[in-house]
Amino acid sequence: TSLDVSEYDKAVIEREMASRMSCPCIDVYSTCGINPWNSQEYISDGVHPYLDDGKMMLGRAVAGGLNIIIPKLTII
């Protein structure tokens, strides 16, 4: 990917910290389906999914993450 190693390391640390603190975390980058091969279809500025299809992909990733998190929160 185009991520540099330090950005990947930060993401790993953030997920680990969220897990340690029992804080839900939605990894949008790895679940949205946007990758270096199809990013031109979804991303207009090279970073943010501002194009309509990109917004849909982002929304699906967030909604999918919330569908996993919310049932766990209602059990508590």
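Please read these numbers as outputs of a predicted model, since none were measured by experiment. (Residues numbered from 1 in each chain as written. Predicted model: local features only at pLDDT ≥ 70, side-chain atom pairs only at ≥ 80, totals over all residues. Heavy atoms only, no water.)

A. How the structure looks around the environment of Gly54. Within the element layout of this structure, Gly54 appears in helix α4 (residues 52-75). Under the relative-accessibility criterion, Gly54 is labelled buried at 0%. (Helix = DSSP H or I, 4+ residues; strand = E, 2+ residues; numbered from the N terminus. Buried < 20%, exposed > 50% of the residue type's maximum accessible area, 1.4 Å probe, protein only.)

B. Broad picture of a nonpolar patch on the surface. Nonpolar side chains collect at one region of the surface, where Leu58, Val62, Leu66 and Ile70 lie side by side and expose about 280 Å² of accessible area between them. Take Leu58: its relative accessible area is 33%, and that puts it in the partly exposed class. (Patch = residues over 30% accessible without salt bridge, like charges linked within 9 Å, V, L, I, M, F, W, Y side chains within 5 Å. Areas by Shrake-Rupley, 256 points an atom, 1.4 Å probe, with all protein chains shown as cover. Salt bridge = Lys/Arg side-chain N within 4 Å of Asp/Glu carboxyl O.)

C. Spotlight on the nonpolar core. With 6 residues, the main nonpolar core is built from Cys32, Ile34, Tyr42, Ile43, Met57 and Ala61. Once residues within four sequence positions are removed from consideration, Met57 is found in contact with Cys32, Gly33, Ile34 and Tyr42. (Core = buried A, V, L, I, M, F, W, Y, C linked by side-chain atoms within 4.5 Å. Contact = heavy atoms within 4.5 Å.)

D. The arrangement of the pattern of salt bridges in detail. This structure, assessed with the given rule, holds 1 salt bridge. One salt bridge in this structure joins Arg15 and Asp27, with 2.6 Å as the shortest N-O distance. Taken together, the residues span a long stretch of sequence, with Arg15 in helix α1 (residues 5-20) and Asp27 in the loop between α1 and α2 (28-31) at a distance of 12 residues. On the basis of relative accessibility, which here comes to 33%, the residue Arg15 falls in the partly exposed class.

E. Seen up close, the state of the cysteines. Counted under the stated rule, the structure contains 0 disulfides. Cys25 supplies the cysteine sulfur nearest to Cys23, a cysteine that is in no disulfide, at a spacing of 7.3 Å. A relative accessible area of 45% means that Cys23 is categorised as partly exposed. (Disulfide = S-S within 2.5 Å.)

F. Spotlight on unusual backbone geometry. The phi dihedral of Ser22 is positive, around 55°, even though this residue is not glycine. Tracing the backbone through its elements, the reader meets Ser22 in the loop between α1 and α2. Ser22 gets classed as exposed once you look at its relative accessible area, which sits at 65%.

G. Structural view of the side chain of Asn38. Along the polypeptide, Asn38 turns up in the loop between α2 and α3 (39-42). Given a relative accessible area of 15%, Asn38 falls into the buried group. A polar side-chain atom of Asn38 sits 2.8 Å from the main-chain amide nitrogen of Asn35. (Polar contact = N/O pair within 3.5 Å; in protein donor to acceptor, adjacent residues only side chain to side chain.)

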